[in-house]
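# Chains, contacts and geometry: an overview
Residue-level listing of the chains:
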Amino acid sequence: MVDKRKRPAKKAAGKAVPKTAKRAPNAAAGDTGRLQEVRAEIDGIDRRIQELITQRAHWAAKVRKAKGELKAAVEYYRPERESQILRRVLDRNQGPLSDEVLLRLFREIMSACLAQQEPLKVGFLGPEGTFSQQALHKHFGHSAQALPLASIEEVFQEIESGNADFGVVPVENSGQGTIQSTLDMFLTSRLKICGEVELRVHQHLLSRTGRLEDIERVYSHPQSLAQCKAWLRANLPHAEKVPVSSNAEAARRARVADDCAAIAGETAGQVYGLKVVAGPIEDRQDNTTRFLVIGREFFSPSGHDRTSLLVFVRDQPGALYNVLSPFARHGVSMNRIESRPAHSGRWQYVFFIDVSGHVEEGNVAQAMSELGEYASDVVVLGSYPVALL
Ligand SMILES: O=C(O)C(=O)C[C@]1(C(=O)O)C=C[C@@H](O)C=C1
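Predicted, not measured: the structure shown is a model, and the values here were computed from it.

As a further point, take the overall build of the chain. What the chain contains, in helices and strands, is 12 helices and 15 strands. C-alpha atoms of the chain, sized along the principal axes, occupy 85 × 60 × 40 Å. When burial is assessed residue by residue, the chain has 45% of its 389 residues classed as buried. Of the contacts made within the chain by residues no fewer than 6 positions apart, 75% connect residues no fewer than 24 positions apart. Of the roughly 20,400 Å² of accessible surface on the chain, 51% is carried by carbon and sulfur atoms.

Have a look at this one:
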């Protein structure tokens, strides 16, 4: 550790290392002068960062005490507070690090502070290496305990039974639209939506040999096969396309034979020891998947929220118009509306509606109170912070 007071005088050893000079990292000559000076600054900053992170962890523990004698980590978790903290980080950012990088660093600090006694247990569509797992880490950080589960249904079940605190499930893709099976789970489940995560999804073709000419069969999740349809048509028109339950499952299968490949994220390739044949291979460059964070509780407003509703309409003329009008009257913007069979009777429909704002906020609350006149039933699935990046 270098103490600032004992720092050698500026340029004491003469020459500074020119920017273009290529030296081995520990070359003795290069380590003198300007380089040593800059490293001393970095060492000092690291020490201060470490002190501050330690202090922060102590204060986070005090916040826990201030919340009372709660039992499990899930009772201390406050997504609305985390979202406010991260928003301020983004507002303050003036570079050189990108918003993504700063967000990730602060997310990890909070994740570690929360996990001091016990980590949150979060279920995701496994096995190891899925995009759901990446979304989980993006939202909860790496100090959360990630529980790989076999299906989206199982993610719901494990939270309902208390084995998991939260879950992360995919709900829509920018190119392929809604994942209906996820939405339909809310028709029977009592779970709430507590957050959302957006993840840029880069697909890769992965195989044991890494050679395109070896491949006769491609495994992937149906959504991923669809996201790479044009690329597959152009590059592997004759290969058999086999849909499986997840991308990581595809990678696991591709491990067993040289003529098999998987479409999955690079992480899955690393987990299952596969080589990258090609990538990114998604047809759309903005390929993004939105995930929902699900849990057992509602949370307070963060100031930048979204509310998801299930609205059952009566079978009568103008029903949908009537359902939508209270939102328009109270200036609540609607982000999305999707109709699905209600499972309660033939030709009965339910609307999944996302609006801006939190149910505890004036205009959303007012619109909701009027909605009751026109809908046969309204279920608030959750009000949660809008995804940050
Ligand atoms: O502010 C709180 O309520 C805390 O518990 C502290 C803290 C944090 O590290 O900032 C930790 C966990 C919560 O999810 C939110 C924030």
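Okay, back to it.
Moving on to the nonpolar core. Side chains of nonpolar character tend, in soluble globular proteins, to be buried together. By size, the foremost hydrophobic cluster in this structure holds 25 residues, and its most contacted members are Phe156, Phe186, Ile294 and Phe352. Of all the secondary structure elements, the ones that give two or more residues to this core are strand S2 (145–149), helix H5 (152–160), strand S3 (166–173), helix H6 (180–188), strand S11 (288–295), strand S12 (305–313), strand S14 (349–356) and strand S15 (375–385). Both of domain 2 (119–201 + 287–297) and domain 4 (299–385) provide at least three residues apiece to this core. Residue contacts for Phe156: discarding those within four places in its chain leaves Val169, Thr182, Met185, Phe186, Ser189, Leu191 and Ile294. With 22 residues, the next largest nonpolar core counts Leu114, Phe124, Phe131 and Cys194 among its residues.

Any region with low pLDDT has predicted coordinates that should not be read closely. Confidence in the prediction for the chain averages 90 pLDDT; 92% of positions are at 70 or higher. Overall, residues 1–24 carries pLDDT values under 50, and its contacts beyond four positions in sequence, including any with other chains, amount to 17 contacts. Across the interfaces of the predicted complex, the ipTM metric reaches 0.97, alongside a pTM of 0.88.

This part is about the pattern of salt bridges. Enumeration according to the criterion identifies 19 salt bridges in this entry. When the shortest N-O distance is used, the salt bridge between Glu213 and Arg211 registers 3.9 Å. The exposed category is assigned to Glu213, whose relative accessible area is 63%. Linking Glu370 and Arg329 is a salt bridge whose minimum nitrogen-to-oxygen distance equals 2.8 Å. On the criterion of sequence distance, the pair formed by Glu370 in helix H12 (residues 362–374) and Arg329 in helix H11 (residues 319–329) is long-range, its members being 41 residues apart. Residues participating in the shared-partner salt-bridge network are Glu172, Glu196, Arg290, Arg306, Arg336, Glu338 and Asp354.

A separate point is the site of the ligand. All residues in the neighbourhood of the ligand are listed as Arg56, Val63, Lys67, Tyr76, Tyr77, Arg78, Arg81, Glu82, Ile85, Met110, Cys113 and Leu114. The contact in question runs from an oxygen atom of the ligand to an N or O atom on the side chain of Arg56, over 2.8 Å. In the model, an oxygen atom of the ligand is placed 2.8 Å from a nitrogen or oxygen of the Arg78 main chain. Burial of the ligand by the protein amounts to 93% of the accessible area it has alone, namely 360 Å². At the level of secondary structure, the elements contributing two or more residues to the shell around the ligand comprise helix H1 (34–66), helix H2 (79–92) and helix H3 (99–114). Residue composition of the shell around the ligand, by class: seven nonpolar, no polar and five charged.

A few words on the sheet that holds S12. What the four strands build is an open sheet, ordered S13-S14-S12-S15; its pairing is antiparallel. Looking at strand neighbours, the two that pair on one side only are strand S13 (334–341) and S15, the edges of this open sheet. Along the sheet, successive strands turn relative to each other by an average axial angle of 15 degrees, direction set aside. When S12 meets S15, the two strands line up antiparallel, connected through nine bridges. Each bridged residue has a counterpart across the sheet, and for Arg306 the counterpart in S15 is Tyr384. Along the sheet face, H6 touches S12, S13, S14 and S15 and points at about 80 degrees away from the line of S13.

Turning our eyes to something else, we now look at the sheet that holds strand S9 (residues 260–264). Ordered in space as S8-S7-S9-S6-S10, the five strands form an open sheet in which the pairing is mixed. Strand pairing shows two members of the sheet lacking a second neighbour, strand S8 (240–243) and strand S10 (275–278), which therefore form its edges. The sheet shows a mean angle of 35 degrees between the axes of neighbouring strands, direction not considered. With four bridges connecting them, strand S7 (residues 217–220) and S8 associate as parallel partners. Among the inter-strand pairings, Tyr219 is bridged to a residue of S8, identified as Val242. Those strands touched by helix H9 (residues 247–254) are strand S6 (204–207), S7 and S9, and its axis lies near 160 degrees from that of S9.

Here we come to the packing of H3 against helix H4 (residues 131–140). As a packed pair, H3 and H4 sit with axes 7 Å apart at the nearest point and diverge in direction by 80 degrees. Considering the angle they form, H3 stands roughly perpendicular to H4. Side by side, H3 and H4 meet where Arg107, Glu108 and Ser111 of the first sit next to His137, Lys138, His139 and Phe140 of the second. Among the residues forming the contact of H3 with H4, the class breakdown is one nonpolar, three polar and three charged.

Cut-off values and rules
Residues numbered from 1 in each chain as written. Predicted model: local features only at pLDDT ≥ 70, side-chain atom pairs only at ≥ 80, totals over all residues. Heavy atoms only, no water. Helix = DSSP H or I, 4+ residues; strand = E, 2+ residues; numbered from the N terminus. Buried < 20%, exposed > 50% of the residue type's maximum accessible area, 1.4 Å probe, protein only. Contact = heavy atoms within 4.5 Å. Areas by Shrake-Rupley, 256 points an atom, 1.4 Å probe, with all protein chains shown as cover. Core = buried A, V, L, I, M, F, W, Y, C linked by side-chain atoms within 4.5 Å. Domains from an automatic or database assignment. pLDDT = per-residue confidence, 0-100. Salt bridge = Lys/Arg side-chain N within 4 Å of Asp/Glu carboxyl O. Near = heavy atom within 4 Å. Polar contact = N/O pair within 3.5 Å; in protein donor to acceptor, adjacent residues only side chain to side chain. Nonpolar A, V, L, I, M, F, W, Y, C, P; charged D, E, K, R; others polar. Pairing = 2+ DSSP bridges. Axes fitted to C-alpha atoms, helices over the stretch in contact; angles between N-to-C directions. Parallel < 35°, antiparallel > 145°, perpendicular 65-115°, else oblique.

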